[in-house]
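Commentary on secondary and tertiary structure
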Amino acid sequence: MHFIHKTPATETEGQSAKPASRKGAFAPFQGQGLSGDGWRVFHASTLPLKQSPSLFVIGNGFIGVRALPEEGDDSASTYLNAVYEQVAIHYHEAAFGFARTSDTRLPAPNALHWAIQVDGESFSPAGIVAQEQSLDLRTGLFTRQVMWRTAQGQSVELRFERFASLERPELYAQRLTLRPEHAGALIMVRTWLEPPRVNASGRDAVYDPRLGPALDHEPWAFEGWFEAGTSAGRLDRLQGSGIGLASAVRMVGAQPIQRLGDVLTWQFDRPAPPDSPLEIVKFTAYATDRGHKDRPHAQAALAALEWGEALGFADLVAGQRAQLDRFWQAAQIDLPAQPALERALRFNALQVLQAAGTDGESSVAAKGQTGEGYEGHVFWDAECFMAPMLAFLAPERARAMLRYRAKGLDHARTNARQMGHARGALFPWRTIGGAECSAFFPAGAAQYHLNADIAYAIRTYAAATGDVEMLSSFGVEMLIETARIWLAIGHFHPERGFCLDKVTGPDEYSALVDNNYYTNAMAKAHLLDGVKEAQAMRQRDPVAYAALAKRLELIPEELELMARAAAQMRLPVCQQRGILAQDDAFLDKKIWDFAATPPHHYPLLLHVHPLTIYRHQVCKQADVVLALSMAGRDLDLALKQRTFDYYEGVTTHDSTLSPCGFAVAAAQIGRLEKAVQYLKMTALVDLEDLCGNADHGLHMAAMAGGWLTLAFGFAGLQLENGLRFAPRYTPALGPYGIRLRYHGRLLAIAISEEGVRYSLLDGEPLAITHEQEPLTLTLGAERYVAFAP
């Protein structure tokens, strides 16, 4: 065992420049002492960074284990995707249709910790003289190395390793390697499985929508113990949601299990070997009764432990490497002139993968399983940011996310009825179990654009994969049912066209507006998708379509109405300024006084009453600009440039979702240096802790946003009429390369100052379009296109 000391990242590694217009919640880049090589994130200090527990999290789509110190910490360490409690929402004044309950994800029973004694002296942080933490992006293995000096002066090397199995989502494994200075030293190691706890947020968290509120009841009910050999565990049930959880541990070579009150303990006593370090391995497993209906969930947890011990820690790591090798075949990002940015983008890609559910019962929460922020809720960013990225890098994960929404379709129908719509389905703004959990409807339930965002994810996934079966089995039904809501809330105006009134767009600093540009533009595309895919299914499988149409009571006249609404959709434009209008009234309001707003008053939502914000021209995040990047392909370039410039001046970026939209749009309109600046904001938001709250959990949408910027922004990826690219190069970024999966093929694109190289790495020949030039790619035959001088 040895320590590798690295120099922290410097400005030459791409962390210096910031947009001149930056305001709001994002802090300047300043470096956080993190470094590493291209495949490892590394921090060396006796004191971890505030955001270290989030940054070095391990996960597999179900389990997320925060990087808390193994010697003990009062914080919660382990979160499970879609394992949540249902709690009442308390209003002093309410109205019909308000959400009555909310889902909130709670920490699972904790088995992370080790208690270590050497010659009777306990290991504690006070004795640490050197420490390193690292996350290996190729294996998902987190390693913490510690040099401990005991009170008697003996030096002890400790290495803690852990990872969450991608092959067996119920399981995560830990290995402790211990080498005292004196051979024969008596070593005692103990571990334990704690009862579950509640989140750490206080009651004031209700005033910060990014946090989860405190509970007013004990959510967990203990249901019993179970044991098999050296494995043992506990059964608990969440009383509101009814979800049952089995939690179990196996410590290899431990003495008989003991139960001390409500805690299970395992202990290991042995003299230190004379010539080699001592290794101790522990496995922890979680299983829900929802996810294992074919057998008791306690048996599922025990089976995962047995599987882990049978393979052993080293073989499990090798298997994990093989799993991630396939991911990196498509997810590899190369930025040779920007090593820190390259590392950040790779780190972000792994974190999105670790957060994404695989079972169709879960999706990607706003913070993944990295912390308690946003209560584990799924929002629109799952479909607009994470799903499009995964559609090209890990399409099976993107499909599972769509299955999660499809399983919530009945909830969405119920939500639509609560909102006054006789037909169709309206997905909830924030949820885990499928019901609406937003208690503040102006910035929650009024964001009808979520329906169109889900349609966007369906369209992107289908175009990237060619998965027609998804469309036939549930995709077309979702498109039609959700598109019906636009007909329900919209109306044809004799002069302004088809209007959508009293909605809220992505910019939550303007609520309940008429004809939000983003909402209307995305609704237009959604309506056209519904018509197109319904007609395609009718041609492809008339029998299945007839059955679906009968069940949905879908008639040709309704599809015709959808097409007419799309054709006449109001997309507001300000002719005087020559820009797109965010809504019918936004540009008539007074501009926010940014010069008089002190930095500590951002984000505004934590310091200013919503009504005061609503009365001003101020954007929390990309709204019209996001529409430019997602639905602006056919707009005039000069119009897009003027629109970008105007809204950049009134946007605070008080949401971490904002820089990605600006980055993609800037690249698409040729503002390449600015696009690089916004790319760094989105890619480094957690590694640099630019918003100061990464300790609450990582920002998954921003993490996906870096890849989206490279692909849809700089590489000019488009999916209309096949796979198309319009690559851009800027010295501010330097040469770059991305890979992606498309219709079962694996494609690599490398862009340099001179031109573009396209390579088909796997699969049948592929026809693509570069700018307006058709190209055919074949395996092993690189195609090079030079940029015009």
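We now turn to the structure provided with this report. None of the values given here were measured: they were computed from a predicted structure. (Residues numbered from 1 in each chain as written. Predicted model: local features only at pLDDT ≥ 70, side-chain atom pairs only at ≥ 80, totals over all residues. Heavy atoms only, no water.)

What follows is about helix H9 (residues 468–489). The end-to-end C-alpha separation of H9 is 30 Å, in line with the 32 Å expected for 22 residues at 1.5 Å each. A maximum bend of about 55 degrees is found in H9 at Phe474. Most of H9 is tucked away: 17 of the 22 residues are buried. Backbone nitrogen of Glu469 and a side-chain oxygen of the N-cap are separated by 3.3 Å at the start of H9; the cap is Asp467. (Helix = DSSP H or I, 4+ residues; strand = E, 2+ residues; numbered from the N terminus. Expected span 1.5 Å × (residues − 1). Bend = angle between axes of the 7 residues up to and from the residue. Buried < 20%, exposed > 50% of the residue type's maximum accessible area, 1.4 Å probe, protein only. Polar contact = N/O pair within 3.5 Å; in protein donor to acceptor, adjacent residues only side chain to side chain.)

This model, assessed by the stated rule, comprises 37 salt bridges. Taking the shortest distance from any N to any O, the salt bridge between Arg197 and Glu194 comes out at 2.9 Å. Judged by its relative accessible area of 25%, Arg197 falls in the partly exposed class. By relative accessible area, which is 13% here, Glu194 ends up buried. The partner of Lys674 in a salt bridge is Glu648, with the nearest N and O atoms 3.0 Å apart. Here Glu648 lies in helix H15 (residues 637–648) and Lys674 lies in helix H17 (residues 672–683), a separation of 26 residues in the sequence. Residue classification places Glu648 among the buried residues on the basis of a relative accessible area of 5%. A single salt-bridge network, built from bridges that share partners, covers Asp410, Arg413, Arg423, Glu477, Glu481, Arg484, Arg551 and Glu558. (Salt bridge = Lys/Arg side-chain N within 4 Å of Asp/Glu carboxyl O.)

With that settled, consider the sheet that holds strand S32 (residues 773–777). Spatial strand order, S27-S31-S32: three strands in an open sheet with mixed pairing. Single-partner strands in this sheet number two, and they are strand S27 (723–725) and S32. Averaged over all adjacent pairs, the angle separating strand axes in this sheet is 30 degrees, with direction ignored. In this sheet, strand S31 (residues 766–770) lies alongside S27 in parallel orientation, the contact comprising three bridges. Looking at the pairing, Arg724 lines up with Thr769 of S31. (Pairing = 2+ DSSP bridges. Axes fitted to C-alpha atoms, helices over the stretch in contact; angles between N-to-C directions.)

A separate point is the packing of aromatic side chains. Under the defined criterion, the tally for this structure stands at 23 aromatic pairs. Judged by centre distance (5.6 Å) and plane angle (50 degrees), the ring pair of Phe98 and Phe441 falls under tilted. One end of the pair, Phe98, is in the loop between strand S6 (84–88) and strand S7 (101–105); the other, Phe441, is in the loop between helix H7 (409–418) and helix H8 (449–465), with 343 residues separating them in the sequence. On the accessibility criterion, Phe98 (22% relative accessible area) is partly exposed. (Phe/Tyr/Trp six-rings, centres within 6.5 Å; stacked < 30°, edge-to-face > 60°.)

Spatial relationships are all this shows, so hold off on functional conclusions.
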